[in-house]
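One letter stands for each residue in the lines below.
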Amino acid sequence: QKEVEQNSGPLSVPEGAIASLNCTYSDRGSQSFFWYRQYSGKSPELIMSIYSNGDKEDGRFTAQLNKASQYVSLLIRDSQPSDSATYLCAVRREYGNKLVFGAGTILRVKS
Amino acid sequence: GAVVSQHPSWVICKSGTSVKIECRSLDFQATTMFWYRQFPKQSLMLMATSNEGSKATYEQGVEKDKFLINHASLTLSTLTVTSAHPEDSSFYICSARIQGDTQYFGPGTRLTVL
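Anyway, here's the lowdown on the structure attached to this text.

Cut-offs and rules
Residues numbered from 1 in each chain as written. Chains lettered and ligands numbered in written order. Predicted model: local features only at pLDDT ≥ 70, side-chain atom pairs only at ≥ 80, totals over all residues. Heavy atoms only, no water. Helix = DSSP H or I, 4+ residues; strand = E, 2+ residues; numbered from the N terminus. Rg over C-alpha atoms; globule rule 2.2 N^0.38 Å. Contact = heavy atoms within 4.5 Å. Areas by Shrake-Rupley, 256 points an atom, 1.4 Å probe, with all protein chains shown as cover. Salt bridge = Lys/Arg side-chain N within 4 Å of Asp/Glu carboxyl O. Buried < 20%, exposed > 50% of the residue type's maximum accessible area, 1.4 Å probe, protein only.

1. Section: the overall build of chain A
A count of helices and strands for chain A gives zero helices and eleven strands. If you list the helices and strands of chain A from N to C, you get β-β-β-β-β-β-β-β-β-β-β. In summary, chain A has a C-alpha radius of gyration of 13 Å against a globular reference of 13 Å for 111 residues, a match within 12%. Of all intrachain contacts in chain A linking residues separated by at least 6 positions in sequence, the fraction that spans at least 24 positions is 54%. For chain A, the exposed surface amounts to about 5300 Å²; the carbon and sulfur share of it is 45%.

Below is the structure:
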């Protein structure tokens, strides 16, 4: 079992729809959770961080965390073609300062 | 977000030569920087953690004598790929950690070894 798992996709959604990206992790003591966006050929760009159970909203993005289920998700409302990218979920384990990254989910927003 | 720069953005070198990549935090001091490698269509692979003023901590399977890391100041870490070979061709990305756990990534360096 991978430490951080994501569906590789591609996830295709029409423009204006809600895109839902999911991530599960294995270390129950994990403390911090991050979503990064990576365009092809570019480095990752931080979208959101979340530390507590529940929802955290930032513009069109909402991160959801459920530590009991070891599950974190990212919702993108009113998806735009410019949102088409690979979305990486990253988790900091209970101990240490390293982030463990999932393999990423490819999102395609079709106009 | 915080700004991290890398130089060069791309480099082509001959097999057997060494290449140095610089990672700078431009508007903050970073006590910890990380070096990642990413092969095409694969996720990020952490190579090492670089702490200012101390030796880097390498991940399992990463040759410390081949990938030399120096973190001489709070704003600069360097990665030197020694005796580079074609299999070292990859996208090398650094990140810097400021407060808490958040890491900000540099733009990456694309290395091609002929």
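Resuming the write-up.
2. Overview of the pattern of salt bridges
By the definition in use, this model includes seven salt bridges over all chains. In this structure, Lys98 of chain A engages Glu59 of chain B in a salt bridge whose closest nitrogen and oxygen atoms are separated by 3.0 Å. Here Lys98 of chain A is found in the loop between strand E9 (85-92) and strand E10 (99-101), whereas its partner Glu59 of chain B is found in the loop between strand E6 (57-58) and strand E7 (67-73) on a different chain. The partly exposed category is assigned to Lys98 of chain A, whose relative accessible area is 23%.

3. Observations concerning the environment of Phe101 of chain A
Topologically, Phe101 of chain A is positioned in strand E10. Spatially, the C-alpha atoms of Phe101 of chain A and Phe33 of chain A are 10.0 Å apart, while their sequence positions differ by 68 residues. Setting aside residues up to four positions removed in sequence, Phe101 of chain A forms contacts with Val4, Tyr36, Leu88, Cys89 and Ala90 of chain A together with Tyr36, Ser43, Leu44 and Phe105 of chain B.

The values reported here are purely geometric and, on their own, carry no functional implication.
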